[in-house]
Amino acid sequence: MTDEFHRIRRLPPYVFAEVNSAKAKARAAAEDVVDLGMGNPDSPTPPHIVAKLIEAVQDPRTHRYSASKGIPGLRKAHAAYYARRFGVKLDPETEVIATLGSKEGLANLAQAIASPGDTILVPNPSYPIHQFGFLIAGASVRSIPYTPDDEMLRAIDRAVRHSVPKPTAVIVNFPSNPTALTASIEFYRELVAFCRKHEIFILSDLAYAELYYGDTPPPSVLEVEGAKNVTVEFTSMSKTYNMPGWRMGFAVGNPKLIAALTRVKSYLDYGAFTPIQVAATAALNGPQDCIEDMRKLYKERRDLLVKGLHGAGWDVPSPDASMFLWAPIPERFRHLGSVEFSKLLLARAKVAVAPGVGFGEHGDDHVRIALVENNHRIRQALRGIKSFLQGDNAAPHMDEHKEDAVRA
């Protein structure tokens, strides 16, 4: 029998595993680690959403199998959200499907539309499912720049001219995880025009649509006239409504792609538990002040963390959106790479972050820091980081660092 299955062989070792292992050892040794690694919201789901879940679950009729594509009321509620937020009109029957989080939707769309020999264009760095969903489906991935500008558009053009066959789809994710970059509607117009001309699908991950800190909300690519001809966009309720464990997301847009995703999902699941879908409907249709409260919370944390890191001598840019800082590794530690630097930060500062290489090899000179702890814990993390950075006059040699990691 084979030692390893074909699809598993296409997946590299999980790059977060080393940091997670060191984190587990530190906690097992009763060390107090401030975990800013995983993008896992720490605030409770708003009470009116929880109340609707409790109400719905008490009705025995909701305990049966649900609808794989989402109950009609939920799809209508999400279409209404797109209309008021983006001015985009969607048909709830043919252009909206509920998913078990945006991650599941992306992975299953990859199964629906990708074949061995297909090429998918993916920003590097980007969220892992953007690449690995298609690798698992048997397709090939070609990296493109992660910045929403002419450089990315030129790279897409080169890929079309020099790939045989031409790429099937391009993935965009703005506001971006991990880089926190945002895209303008002008960028989307150019992208849509190019992809319509060359018959390439656009797969847009808009999970952080509501997590922005300026006066201009991030746009949807579907706001561009004609975008629906080539585009499917994924959103998630995880961050917008502090519902990460509920696993509720959506795919909207091109009817052909939505139909393909619907067909694949019909073989794989019966949809989310109906009370969760009912509660998600209440979230979309109900009061939205909880979203503004969420934005204020993350903005306060962002400002506290960025100011504190600057005070510690770590020059980290302040993001305009998302729940992450994309932090360049301090120059004297850059030779270590993001995994070893993350382990060093854990060992000496008792702070866990996500190594940038986990989002692609072009992220190896950065770490991602999530805004997922309260202000008290962030101040604790800053004290540890400041002590570590200002206590070292020079970067450690690799052997010295490995000893630190073992002690952690």
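One numbering rule holds for all chains: residues counted from 1, following each sequence as written. In keeping with the model being predicted, local features are shown solely for residues with a pLDDT of at least 70 and side-chain atom pairs are shown and tallied solely at 80 or more, while totals for entire chains, interfaces and linings include all residues. Computation of side-chain values: all heavy atoms of the structure, hydrogens and water removed.

The name that an unreviewed UniProt entry assigns to the protein chain is Aminotransferase, with the source organism given as Roseomonas indoligenes. UniProt annotates the protein chain under Sequence similarities (unreviewed entry) with the comment "Belongs to the class-I pyridoxal-phosphate-dependent aminotransferase family." UniProt positions are given in the numbering used here, feature names are shortened, and annotations may be inferred rather than shown by experiment. Heading Cofactor (unreviewed entry) of the UniProt record for the protein chain holds this comment: "pyridoxal 5'-phosphate".

*Asks:* Help me get a handle on helix α10 (residues 255-268), residues and values and all.
*Replies:* Secondary structure counts use DSSP, requiring at least four H or I residues in a row for a helix and at least two E residues in a row for a strand, with both numbered from the N terminus. The span one expects for a helix is its residue count, reduced by one, times 1.5 Å. Between its first and last C-alpha, α10 extends 20 Å over 14 residues, near the 20 Å set by a 1.5 Å rise per residue. We call a residue buried when its accessible area falls under 20% of the maximum for its residue type, exposed when it is over 50%, and partly exposed in between, using a 1.4 Å probe and counting protein chains only. Within α10 the residues assigned to the buried category are Leu 257, Ile 258, Leu 261 and Lys 265. Down the axis of α10, the buried set is contained in an arc of 95°. They therefore lie on one face. Opposite the buried face of α10, by more than 90 degrees, sit the exposed residues Lys 256, Arg 263 and Tyr 267. Should any heavy atoms of two residues lie within 4.5 Å, those residues are counted as being in contact. The secondary structure elements touched by the buried residues of α10 are β2 (96-99), α5 (101-113), β6 (201-205), β7 (231-236) and β8 (249-253). Note that the arc is defined by the directions from the helix axis to the C-beta atoms.

*Asks:* Just give me the short version of the sheet that holds β6, but keep the residues and values in it.
*Replies:* On the basis of which strands lie adjacent, the open sheet formed by seven strands has the order β2-β8-β7-β6-β5-β3-β4 and mixed pairing. This sheet does not close on itself; its edge strands, each paired only once, are β2 and β4 (140-144). Geometrically, the sheet is characterised by an average inter-axis angle of 20° between neighbouring strands, direction not taken into account. Two strands pair if DSSP finds at least two bridges between them. One ladder, built from five bridges, connects β7 with β8; its direction is antiparallel. A fitted line through C-alpha atoms serves as each axis, taken over the contacting stretch for helices, and the angle formed by two N-to-C directions is quoted from 0 to 180°.

*Asks:* Tell me about the pattern of salt bridges, and please be specific about residues and values.
*Replies:* In the sections that follow, a salt bridge refers to a side-chain nitrogen of Lys or Arg positioned within 4 Å of a carboxyl oxygen of Asp or Glu. Under the defined criterion, the tally for this structure stands at 22 salt bridges. Between Glu 55 and Lys 52 there is a salt bridge, with its nearest N and O atoms 3.4 Å apart. Here Glu 55 and its partner Lys 52 are both found in helix α3 (residues 47-57), three residues apart, which amounts to about one turn of the helix. Glu 210 serves as the salt-bridge partner of Arg 85, at 2.8 Å between the closest nitrogen and oxygen. Here Arg 85, found in helix α4 (residues 72-86), pairs with Glu 210, found in the loop between β6 and β7; they are 125 residues apart in sequence, far enough to count as distant. With a relative accessible area of 6%, Glu 210 lands in the buried category. The network of salt bridges with shared partners includes Arg 85, Glu 210, Glu 292 and Arg 295.

*Asks:* I'd like a description of α4, backed by residues and values.
*Replies:* Along an α-helix, residues three or four apart share an orientation, since each turn contains 3.6 residues. Relative to the 21 Å expected for 15 residues at 1.5 Å per residue, α4 spans 21 Å between its end C-alpha atoms, a close match to the ideal helical length. Of all the residues in α4, the buried ones are Leu 74, Arg 75, Ala 77, His 78, Ala 79, Tyr 81, Tyr 82 and Phe 86. One or two residues past the end of α4 sits Gly 87, with phi positive at roughly 70°.

*Asks:* Tell me about the packing of aromatic side chains, and name the residues and values.
*Replies:* Think of it this way: a Phe, Tyr or Trp ring, Trp meaning its six-membered ring, pairs with another when their centres are within 6.5 Å, and the plane angle makes it stacked under 30 degrees, edge-to-face over 60, tilted otherwise. Under the definition given, this model contains 11 aromatic pairs. Between the aromatic rings of Tyr 81 and Tyr 82, the centroid separation amounts to 5.7 Å while the plane-to-plane angle is 85°, which identifies the pairing as edge-to-face. Judged by its relative accessible area of 9%, Tyr 81 falls in the buried class. Overall, Tyr 82 belongs to the buried group, its relative accessible area being 0%. Aromatic side chains Phe 333 and Phe 388 sit 5.2 Å apart centroid to centroid with 40° between the ring planes, which places their arrangement in the tilted category. Highlighted residues: Phe 333 in the loop between β9 (324-328) and α13 (337-349) and Phe 388 in helix α14 (residues 375-391), separated in sequence by 55 residues. On the basis of relative accessible area, Phe 388 is assigned to the buried category, the value being 3%.

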